[in-house]
Structures are given as C-alpha cells and as structure tokens.
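Per-entry structural report
One letter stands for each residue in the lines below.
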Amino acid sequence: MAAAVALAVLAVVCPACAFDPEAAFARGTTIFGVQVGGGAANNIEDHRTISDISFVNVSPRVSYLLFSPFGSGLLRSAVEPGVEGWFQYYLSPKEATAEGLKLAMRYHLIGFGRLVPYLEVNGGAGGTNLRVKEIDSTFTFVAEAGAGVSYFITDTVALNAGYRFQHISNGHTSSPNRGFNSDTGIGGVSFHFK
C-alpha cells in the first residue's frame, strides 16, 4: 500500500508531466513484458482439508494494441489483448511444475498520467506434474483475474505490481479434480514499442 501511495505522489509531484499516455497506448503498439510472482492456496470453498500448496511463477507476455484509447478524463481507457507464457514452480507440499500458455486481457485506466491502474483476466492450459488431492493429472487449466497498477518510469518502460486470484483445475479430464484456488502477488516490467 505504501508503494502505491508513493507512486501516486510521484505521478503528481514529479516534473515528468510531459508523459503522454495516448502515445504509450496508441493503436499499433506492441508491449513486451515479464512478470514474477508467487502465492499460496486459499480455502475460500471451506474444504475440510487442503494441501499446503505454495509456488512461485514467471510469466513472459506479448501484447498488440488493436484499438485506440477511448473515453475521457480519468476514465480514459485502453484495452490490451495478448498472450502470456506461464511457468509455475511449486514449493510445497512437494516440488512440481506447471507450464503453458494463456490468453490475456488488460483494461487500463490511462487518465492518471504515469500511474496506470488496470484490471485483468487470463486463461489458458498447460502441462503439470503436480500430484495432490485437489488435482492429479498431466493436463491443467489456469484461470486468473486481478488488478494492479503500472508506473511509467520512462515514456516506454513501466513497472507494475498487482494481485491475481488464480484457479487451477484439470477440467474433469481425470480424477481427482477438485482443483484449487490461490491468492498471488505479481511484479514486473513492460516495454512499449511502436
């Protein structure tokens, strides 16, 4: 929270008022980024027992802006469709991995200058060797939804931090398939190219 307040102050006080979010999110812009994160399974469904699942992950991302920004004032917005690679390394209850590809969509509010809040949804599939009571298969689906904030340190480079709610399941392709949900934190960097 303190980091978000500090970024908000920098966005208002800093002499970098020449930043143009219209240019950073113009139609035809390509965005390359990488994010790292980690999290742990939660028990929002209130199951009697859950595995003690924790993990770290890396997600390279590429997006292409198909549309020009729209809206006005603080609600000026940009939509970022893309694809995101996914590599998740499970730390507990035992070492395992999951890897695959996700379709990704971010909705940016660009009316705040260098400080750009966003909402996102991601979904995809991949392979895994995680064997726990919630999921035991070589195939997995991943679905995520979250929110975050980016801060442009230059006109074309942004740092971001956020939260994602993650659901992992095998889509009933094998049993068991209770699946599990996780709370995750992410941080990363994005590069915008015309």
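For the structure itself, look to the data block above.
Anyway, here's the lowdown on the structure attached to this text. Each chain carries its own residue numbering, running from 1 in the written order of its sequence. Where totals are concerned, whole chains, interfaces and linings use all residues; where local detail is concerned, this predicted model gives features only for residues with pLDDT of at least 70, and gives and counts side-chain atom pairs only at 80 or more. Side-chain measures here rest on the full set of heavy atoms in the structure, leaving out hydrogens and waters.

Here's the deal with the packing of aromatic side chains
Aromatic rings from Phe, Tyr and Trp, taking only the six-membered ring of Trp, are treated as a pair when their centres fall within 6.5 Å; an angle between ring planes under 30 degrees marks them as stacked, one over 60 as edge-to-face, and anything in between as tilted. Counted according to the given criterion, the structure contains seven aromatic pairs. Their ring planes at 80° and their centres at 5.8 Å tell us that Phe-25 and Phe-152 sit as a pair that is edge-to-face. Of this pair, Phe-25 sits in the loop between α2 (21-24) and β1 (30-41) while Phe-152 sits in strand β8 (residues 139-152), and the two are 127 residues apart along the sequence. Judged on exposure class, the residue Phe-25 and its partner Phe-152 are both buried. Here the aromatic rings of Phe-139 and Phe-141 are separated by 4.8 Å at their centres, their planes lie at 85°, and the arrangement is edge-to-face. Aromatic ring contacts, followed pair by pair, group Phe-19, Phe-25 and Phe-152 into a single cluster. By definition, being over a ring means that NZ of Lys or CZ of Arg is both within 6 Å of the ring centre and within 35 degrees of the ring normal. Over the ring of Tyr-118 we find Arg-106, and its NZ or CZ is 4.1 Å from the ring centre. Note on conventions: DSSP H or I runs of at least 4 residues are helices, E runs of at least 2 residues are strands, and numbering of each starts at the N terminus. Residue burial is assigned from relative accessible area. The probe radius is 1.4 Å, only protein chains are included, and a residue is buried under 20% of its type maximum, exposed over 50%, and partly exposed in between.

Structural notes on the pairing of β8
Two elements, strand β5 (residues 115-128) and β8, share 13 bridges in a ladder whose sense is antiparallel. Among the inter-strand pairings, Gly-126 is bridged to a residue of β8, identified as Thr-140. Any two strands are treated as partners once DSSP identifies two or more bridges connecting them. Here β8 pairs with strand β9 (residues 157-169) via 12 bridges, running antiparallel. Bridge pairing in β9 links Glu-144 to Gln-166. The antiparallel hairpin formed by β8 and β9 contains four residues in its connecting segment.

Some remarks on the nonpolar core
As a rule of thumb, soluble globular proteins bury nonpolar side chains together. In plain words, nonpolar cores are sets of buried Ala, Val, Leu, Ile, Met, Phe, Trp, Tyr and Cys residues tied together by side-chain atoms within 4.5 Å. Ranked by size, the top nonpolar core spans 12 residues in total: Ile-53, Phe-55, Trp-86, Tyr-90, Ala-96, Ala-98, Leu-130, Val-132, Ile-135, Val-142, Ile-168 and Phe-180. In this structure, Phe-19, Ala-24, Leu-65 and Ala-78 belong to the second largest nonpolar core, which totals 10 residues.

Comments concerning the side chain of Thr-184
Here Thr-184 shows up in strand β10 (residues 180-193). Of the polar contacts made by the side chain of Thr-184, one reaches the backbone oxygen of Arg-164; its length is 2.9 Å. Here, residues are in contact when the closest pair of their heavy atoms is within 4.5 Å. The residues touching Thr-184, leaving out its near neighbours within four places in the chain, are Gly-38, Gly-39, Phe-55, Gly-162, Tyr-163, Arg-164 and Gln-166. Pairs of N or O atoms within 3.5 Å make up the polar contacts considered here, provided that, within protein, one atom can donate a hydrogen while the other can accept it, and that residues adjacent in sequence are counted only when both atoms are side-chain atoms.

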